[in-house]
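Close look at the chain arrangement
Listed below are the residues making up each chain.
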Amino acid sequence: GSSSFPGLSICAKSGTAEVGGGRTPNAWFTGFLNDPENPYAFVVLVENGGYGSSVAGSVANRVLQDLVN
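Residues numbered from 1 in each chain as written. Predicted model: local features only at pLDDT ≥ 70, side-chain atom pairs only at ≥ 80, totals over all residues. Heavy atoms only, no water.

Describing the pairing of strand β2 (residues 26-33)
Along any regular strand, the residues point their side chains to alternate faces of the sheet. With eight bridges joining them, strand β1 (residues 10-17) and β2 adopt antiparallel strand pairing. Counted as the bridge partner of Ala 17 is Asn 26 from β2. Examined bridge by bridge, β2 and strand β3 (residues 41-46) share six bridges and lie antiparallel to one another. Looking at the pairing, Gly 31 lines up with Phe 42 of β3. (Pairing = 2+ DSSP bridges. Helix = DSSP H or I, 4+ residues; strand = E, 2+ residues; numbered from the N terminus.)

So, the sheet that holds β1
Pairing in this open sheet of three strands is antiparallel, and the strands run β1-β2-β3 from one edge to the other. The strands lining the two open edges of the sheet, one partner per strand, are β1 and β3. Here the strands of the sheet are splayed against their neighbours by 10° on average, with no regard to which way each runs. (Axes fitted to C-alpha atoms, helices over the stretch in contact; angles between N-to-C directions.)

Take a look at the structure:
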């Protein structure tokens, strides 16, 4: 796993979606665990959350850590 996802073998992509009107962009993070014992896929969207990896990625990590550990 990476340092942001301790103990997890994760394959993921972050993204930032502009929403217009001067509002903060939506933060996206999607992927899957590369782990046959925990075959989870996920999508996290934080509306007006900012940037994908820092905002939505931290949400994904908290949920995946609870699922796996």
